[in-house]
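Observations on the model geometry
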Amino acid sequence: MRGAKIVERTKVTGFEKKGRRITGVSWTNETGESGRIACDMVVNCAGMWGHEVGRQMGVNVPLHACEHFYIVTDTVPGLTQLPVLRVPEECAYYKEDAGKILLGAFEPVAKPWGMNGIPDSFEFDQLPEDFDHFEPILERAVNRMPLLAETGIHTFFNGPESFTPDDAYHLGLAPGMDNVWVAAGFNSIGIQSAGGAGSALAAWMDTGEKPFDLGDVDIARMQPFQGNRHYLFERSRETLGLLYADHFPYRQKATARGIRRSPLHEQLLREGAVMGELSGWERANWFADPGQPAEYEYSWTRQNWFDNAAREHRAIRENVGLYDMSSFGKIRVEGPDAEAFLNHVSASDLSVPVGKIVYSQFLNASGGIEADVTVTRLSETAYLVVTPAATRLADQEWLRRHMGAFRVALFDATAAEAVICVMGPRSRDLLRRVSPSDFSNATNPFGTCREIEIGMALARAHRVTYVGELGWEIYVSAEMAAHVFEVLREAGREMEARLCGLHMMDSCRIEKGFRHFGHDISSEDHILEAGLGFAIKKTGTDYIGRDAVARRREEGLRHRLVQFMLTDPEPLLYHAEPILRDGGSWAISPRAPMATISVLPWAWATSPARASRRRRCSTAPTRSKWPGGASARKPRSSPSMIRNPKGSKPDPSPSLRERFAR
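Only a predicted model underlies this, so the values are computations on that prediction, with no experimental measurement involved.

What counts as what
Residues numbered from 1 in each chain as written. Predicted model: local features only at pLDDT ≥ 70, side-chain atom pairs only at ≥ 80, totals over all residues. Heavy atoms only, no water. Helix = DSSP H or I, 4+ residues; strand = E, 2+ residues; numbered from the N terminus. Buried < 20%, exposed > 50% of the residue type's maximum accessible area, 1.4 Å probe, protein only. Pairing = 2+ DSSP bridges. Axes fitted to C-alpha atoms, helices over the stretch in contact; angles between N-to-C directions. Contact = heavy atoms within 4.5 Å. Core = buried A, V, L, I, M, F, W, Y, C linked by side-chain atoms within 4.5 Å.

Concerning unusual backbone geometry
Unlike most non-glycine residues, C91 shows phi in positive territory, near 60°. Mapped onto the elements of the fold, C91 is located in the loop between β6 (85-87) and β7 (92-97). Taking the relative accessible area as the measure of exposure, C91 reaches 10% and is therefore buried. Unusually for a residue other than glycine, Y250 sits at a positive phi of about 65°. With respect to the helices and strands, the residue Y250 is situated in the loop between α4 (229-242) and β12 (260-261). Of the residues examined, Y250 reaches a relative accessible area of 16% and is grouped as buried.

Dropping the structure here:
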């Protein structure tokens, strides 16, 4: 090996830390020798010890060990190689192992292990047998494979594996540090993912940028509270079994719930809210009708909430609806250099008047989208960056790592304010019933915010929308949020205003052609090819990604994010479906709607000249132009069509100005 040295039977005993960097690692071995290693980079790949090692570094690595069981039978005469059999509903897998049958289990209620720490001496060891725990799996297996009843058990194995809160492993640069990396929480997935994960991590460490979209496994997706030992213990009971459970669309975790709650949580529950969980946040995904069970009934067909979400969707399109977005990540950027700093990290022009709201992206050096945000100027020296709930930590880390010498301070203001969205053609009418403030276009045009009185409270009204209708996001301090909600709810009853959930928001935003970070766009997607070139409003100003944007404009687009309207609304598209054309895979859908009103899946399409270069669309057919006649060199793209729920003809996707000018 070139320049590498592997030292076994040696324990890490401590770390030297300076600011956001680890500068040295202390060690001792079994013979009593000890020492220190100076380091430029540190990788925590300590497996089920990763959580403990992370805490020594001051890094959050949420994972917990669980007992994992399998048996190996005695030799089965005449048994030859067999394909691996996986039976999710029985939580079991079967495979031939040297003339024997190996039966393993990922049971729905697992046994966490090592709650008080994992002994230093535990190495390639086994845990005590627990036949009572494994017996239900074995009983079903005997019914599935009767020869198991006639064959003795040669080995009963019980050993620990570590599981993360979402069952995806941890990879990448640790939040809060600049030279600490993580590769842990793989459990059995490491057998298939180790090579690719190692290559991706090495490339990331070498260049400082992800080699491709790693959002699903990026350690920055984990929230600080998820390192809590009690939380990990409770969640790990479920996550082991979820590896083999049916991954139904919109399936929600059942354990370790209720941790992060909006100030409106109890009020929404009383109104029939069915909660989903994201990054620990309890959020109303849909509202059950009176007498309807307020719970999901999972299926691969239309689930029990589809009609509810359709009614919520129509309320937003035709009347007015209320929904809670308090889970928005809210990052305050303050200081004398706040404007200059945000202009450095943002592709948009943030030299705007106080009260202006700017839709923007933070780009990497390749022009890929690292964050999709709105930025509101609150004062001459203060801005509010609003991010998706799941990416607040990652987005704040991105800002912090690019602060350099800028005189700014960052802090998480998420919990300080609730956000109540009032959306729909009659949203202005509803707000006028509860506030003496002026919501006219002249006073409060799109893309602006202003202080308002509402009920007996004070709030800030942001004229923006993610559902494509006239509307406002009402930012109100947490202690007054319940009052403001009550006032809006009561006034809205006369207007038949409907409480709405986030399934509605998803279908509405897709129908209007709005992107969602992490599903439609990511760090590997160029801002121009994602159809977001309209958000770049700088001329002559340097910013991260500027050169990549200029090059792509000069060279022409390689791919485009487009939308398709399906002629048959019955198929349900959820994610990553291939789109076939002329016998070949022409595009891949990164995200598709729930089809409550119309079916408008997104897809990444590859430019004819670049077809062979696109990782996701390697077999695109050759064409001289994009479908619909758009040139492959067109520097700006947009969703091809949207559909009005009333059935009018499709129109081109609106510009940002048109989205708000209702």
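Moving on from the model shown.
A look at the sheet that holds strand β3 (residues 34-38)
Judged by pairing direction, the sheet is antiparallel, and its three strands sit side by side in the order β1-β2-β3 without closing on themselves. Two strands in the sheet have a free side with no partner beyond their single neighbour: β1 (10-18) and β3. Neighbour-to-neighbour, the strand axes of the sheet open up by a mean angle of 25°, direction not taken into account. As judged from the five bridges shared by strand β2 (residues 21-29) and β3, these two strands associate in the antiparallel manner. Across the sheet, residue G24 finds its bridge partner in β3, namely A38. Against the sheet, helix α1 (residues 50-57) contacts β1 and β2, and its axis sits at roughly 35° relative to β1.

Focus on the nonpolar core
Formed by 33 residues in total, the largest nonpolar core has its most connected members in L268, V422, L430, L431, I454, I474 and L488. Of all the elements in the fold, those that place two or more residues in this core are β13 (273-278), β14 (281-287), β21 (417-423), α9 (427-434), β22 (449-454), β23 (457-462), β24 (471-477) and α10 (481-493). When residues of this core are assigned to their parent elements, the largest contribution, six residues, is made by α10. Other than its neighbours up to four places away in sequence, I454 contacts L431, V434, S435, A459, H483, V484 and L488. Y93, L102, F186 and L201 belong to the second-largest nonpolar core, a separate cluster that totals 24 residues.

Points about the sheet that holds β14
Note: strands within a sheet are paired through backbone hydrogen bonds, in either parallel or antiparallel orientation. Strands sit in the order β12-β14-β13 across an open sheet of three strands; the sheet is mixed. Looking at which strands have only one partner, the edges of the open sheet turn out to be β12 and β13. Of the pairings in the sheet, the one linking β13 to β14 comprises six bridges and is antiparallel in character. Within β14, the residue paired with L278 across the bridge is W281.

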